[in-house]
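Structure assessment
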Amino acid sequence: MGKALIKETIHAKGVDIGVYTTDSENEFISFTDIAKYRNEDDPRFVIQNWMRNRNTIEFLAVWEELHNPDFNRVQFEAVKNEAGLNRFVMTPTKWIEQMNVIGIVSKAGRYGGTYAHSDIAMSFATWISPEFQLYIMKDYRRLKMDEDSRLSLNWNSNREISKLNYHIHTDAMKSNLIPPAFT
């Protein structure tokens, strides 16, 4: 999330959820906002509880293996053996630092929080509440359709401008460069 970000918002069951994107394939949805559905005062505990689960850790590792050639597989094996035990604690920051991940990011500051790739965020939302996740998906699809509509409109206008420019150029060539004897 180091590049210029575009912020959009999903609205699901009264919760506003930030979506940050650098391009259509790398959209990050706010874990912090999703977790507020369960604990508005301290959403980080909801995230930590999700990350304690062995299935969660395995899911995150598979996602990273599919998308991140620099994922620290050796460190993951050590963590995987501990996952699910009562003494096991995992935080997003710890996961990021130990595993060299790209699917989850944490930012400090005014607009800080924990963000995850849309694939991971949907898994987290399902864990929070399947119903809540469906509301998120519905509004996320609306957001994508709006984006596609804007891109389509932009493409069509660029096409029309190119078509006009073609006629201007060909007409200019006919009147200024081509002798009248040629057709």
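Shown above is the structure to which this text applies.
The model shown is predicted, which means the values in this text are computed figures rather than measured ones.

**Examining the pattern of salt bridges**
Note that side chains of opposite charge can pair when their charged atoms are close. Taken as a whole, this structure holds nine salt bridges when the rule is applied. The salt bridge involving Glu 58 is made with Arg 54; its shortest N-O contact spans 3.3 Å. Here Glu 58 and its partner Arg 54 are both found in helix α3 (residues 54-67), four residues apart, which amounts to about one turn of the helix. What makes Arg 54 partly exposed here is its relative accessible area of 32%. Note that Arg 73 and Glu 65 form a salt bridge whose closest N and O atoms lie 2.4 Å from each other. Three or more residues joined by partner-sharing salt bridges are found here, namely Glu 65, Arg 73 and Glu 77.

**Focus: the pairing of strand β3 (residues 27-30)**
Neither face of β3 is open: one carries Glu 27 and Ile 29, the other Phe 28 and Ser 30, and all of them are buried. Note: strand β2 (residues 15-21) against β3, three bridges, orientation antiparallel. Looking at the pairing, Tyr 20 lines up with Phe 28 of β3.

**A look at the packing of helix α2 (residues 43-52) against α3**
When two helices pack together, their arrangement is given by the angle between their axes and by how far apart the axes lie. Axis separation between α2 and α3 bottoms out at 5 Å; the angle between their running directions is 85°. As far as their axial angle goes, α3 and α2 are roughly perpendicular. Contact with α2, carried on its side by Trp 50, Met 51 and Arg 52, involves Arg 54, Thr 56, Ile 57 and Leu 60 of α3 and no other residues of that element. A class-by-class count of the residues in the contact of α2 with α3 yields four nonpolar, one polar and two charged.

**Quick word on the packing of aromatic side chains**
One pass over the full model with this rule turns up nine aromatic pairs. Plain terms: the ring middles of Phe 31 and Trp 50 are 5.4 Å apart, the flat faces sit at 80° to each other, and that makes the pair edge-to-face. Remark: Trp 50 occurs in helix α2 and Phe 31 occurs in helix α1 (residues 31-35); sequence separation between them is 19 residues. One exposure class covers both Phe 31 and Trp 50, and it is buried. Grouping aromatic residues by their ring pairs yields a cluster made of Phe 31, Trp 50, Phe 124 and Trp 127. Against the face of Phe 45 rests Arg 44, its NZ or CZ located 4.9 Å from the ring centre. Seen from the ring of Tyr 20, Lys 107 lies directly overhead, with NZ or CZ sitting 5.5 Å from the centre.

**Some remarks on the packing of α2 against helix α6 (residues 118-128)**
Here α2 crosses α6 at 100°, and the two axes come no closer than 11 Å. One finds that α2 runs roughly perpendicular with respect to α6. For the pair α2 and α6, contact is made by Val 46, Ile 47, Asn 49 and Trp 50 and by Ile 120, Ser 123, Phe 124, Trp 127 and Ile 128, respectively. Broken down by class, the residue content of the contact of α2 with α6 amounts to seven nonpolar, two polar and no charged.

**Some words on the side chain of Gln 133**
Note that Gln 133 resides in helix α7 (residues 130-176). For Gln 133, a relative accessible area of 10% gives the class buried. For Gln 133, the residues in contact, after removing those within four places along its chain, are Met 122, Ala 125 and Thr 126.

**What about the environment of Lys 7?**
With respect to the element layout, Lys 7 can be found in strand β1 (residues 6-12). Along the chain, Lys 7 and Phe 28 lie 21 residues apart, while their C-alpha atoms are 9.7 Å from each other. Those residues in contact with Lys 7, other than ones at most four positions away along the chain, are Gly 18, Val 19 and Tyr 20.

**A short note on the side chain of Thr 32**
Note on placement: Thr 32 falls in helix α1. For Thr 32, a relative accessible area of 18% puts it in the buried group. A distance of 2.9 Å separates a polar side-chain atom of Thr 32 from the backbone nitrogen of Thr 114. Excluding residues within four positions of it along the chain, Thr 32 makes contact with Pro 43, Ile 47, Gly 113 and Thr 114.

About the criteria used
Residues numbered from 1 in each chain as written. Predicted model: local features only at pLDDT ≥ 70, side-chain atom pairs only at ≥ 80, totals over all residues. Heavy atoms only, no water. Salt bridge = Lys/Arg side-chain N within 4 Å of Asp/Glu carboxyl O. Helix = DSSP H or I, 4+ residues; strand = E, 2+ residues; numbered from the N terminus. Buried < 20%, exposed > 50% of the residue type's maximum accessible area, 1.4 Å probe, protein only. Pairing = 2+ DSSP bridges. Axes fitted to C-alpha atoms, helices over the stretch in contact; angles between N-to-C directions. Parallel < 35°, antiparallel > 145°, perpendicular 65-115°, else oblique. Contact = heavy atoms within 4.5 Å. Nonpolar A, V, L, I, M, F, W, Y, C, P; charged D, E, K, R; others polar. Phe/Tyr/Trp six-rings, centres within 6.5 Å; stacked < 30°, edge-to-face > 60°. Lys NZ or Arg CZ within 6 Å of the ring centre and 35° of its normal. Polar contact = N/O pair within 3.5 Å; in protein donor to acceptor, adjacent residues only side chain to side chain.

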